Amino acid sequence: MAITDATGKGLKALKIFTKGKTQLVRTTIDASLQAAAESAVLDSHLQAKPAGTVALDWKNGHILAVAHSGNDGDIAINGIKSPGSTMKIITSAALMDQAGLTPDSAAPCTDELAANGQIFHNDPGVRPAPGSTLAQGFTLSCNTSFIKDGFHYLVRTGETPPPCTTRP
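I will try to describe carefully the structure that is included in this document. Starting from 1, residues in each chain are numbered consecutively following that chain's sequence as written. Reporting of local features is limited, given that this is a predicted model, to residues whose pLDDT is at least 70; pairs of side-chain atoms are given and counted only at 80 or more, and all residues count toward the totals for whole chains, interfaces and linings. Side-chain descriptors were evaluated using all non-hydrogen atoms of the structure, hydrogens and water having been removed beforehand.

So, about the packing of aromatic side chains. Aromatic pairing here means that ring centres of Phe, Tyr or Trp (its six-membered ring) are within 6.5 Å. Orientation follows from the plane angle: under 30 degrees is stacked, over 60 is edge-to-face, and everything else is tilted. Scanning the entire structure with this criterion turns up one aromatic pair. Ring centres of Phe138 and Phe146 lie 6.3 Å apart, and the angle between their planes is 75°; on these two criteria the pair is classed as edge-to-face.

Along the polypeptide, Ser69 turns up in strand S4 (residues 63-69). Any pair of nitrogen or oxygen atoms within 3.5 Å is treated as a polar contact; in protein, a donor-acceptor pairing is required on top of that, and neighbouring residues in sequence qualify only through side-chain atoms on both sides. At 3.0 Å, the side chain of Ser69 forms a polar contact with the backbone oxygen of Val41. Residue contacts are defined here by distance: any two heavy atoms, one from each residue, within 4.5 Å place the two residues in contact. Ignoring anything within four residues of it in the chain, the contact list for Ser69 reads Val41, Leu42, Lys49, Pro50 and Ala51. In DSSP terms, a helix is any run of H or I states spanning at least four residues, a strand is any run of E spanning at least two, and both are numbered starting from the N terminus.

The next point concerns the state of the cysteines. Only a pair of cysteine sulfur atoms within 2.5 Å qualifies as a disulfide here. Applying the stated rule across the entire model yields one disulfide. Each sulfur in the disulfide pair Cys109 and Cys142 lies 2.1 Å from the other. Because the torsion about its S-S bond is 100°, the bridge between Cys109 and Cys142 counts as right-handed. Remark: Cys142 occurs in the loop between helix H4 (134-140) and helix H5 (143-155) and Cys109 occurs in the loop between helix H3 (84-98) and strand S5 (112-115); sequence separation between them is 33 residues. Both residues of the pair, Cys109 and Cys142, count as buried. Relative accessibility decides the category of a residue: with a 1.4 Å probe and only protein chains considered, values under 20% of the type maximum give buried, values over 50% give exposed, and everything between is partly exposed.

Written out as structure tokens, the structure reads:
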């Protein structure tokens, strides 16, 4: 990096950079699973709708593949879309295992929910059920039930009041 005059003549060297060594980067990505994930998010059955997927090794949590499609950015990692029903299974298991909830624990189903600076909605046709339990929220496929409990019990353990609130 140098200071030059208007003609481009070098006046003073500020910093001389040398070529660095290439760092070894280790990942847990499995090449064959990555190829399958990339193919899956582009499958014609999706009719060019945005899609995202993450494959994890359940034994150690390592990421084995990550893929996304569409113009919404990396929805597989950034979580700008509701978690979908697959994540309800994982969130339910974590809430029962890590937070001690049961199928009868309260899990209010609201139209929408603010969490982590984002507004989440349920799919069309999912009606609010403010008195629902975890089991009922699962049966109704209520995204907001799982987002609220997931943030409160798993992401921000012990915060009071809960960081997720419904909008008026």
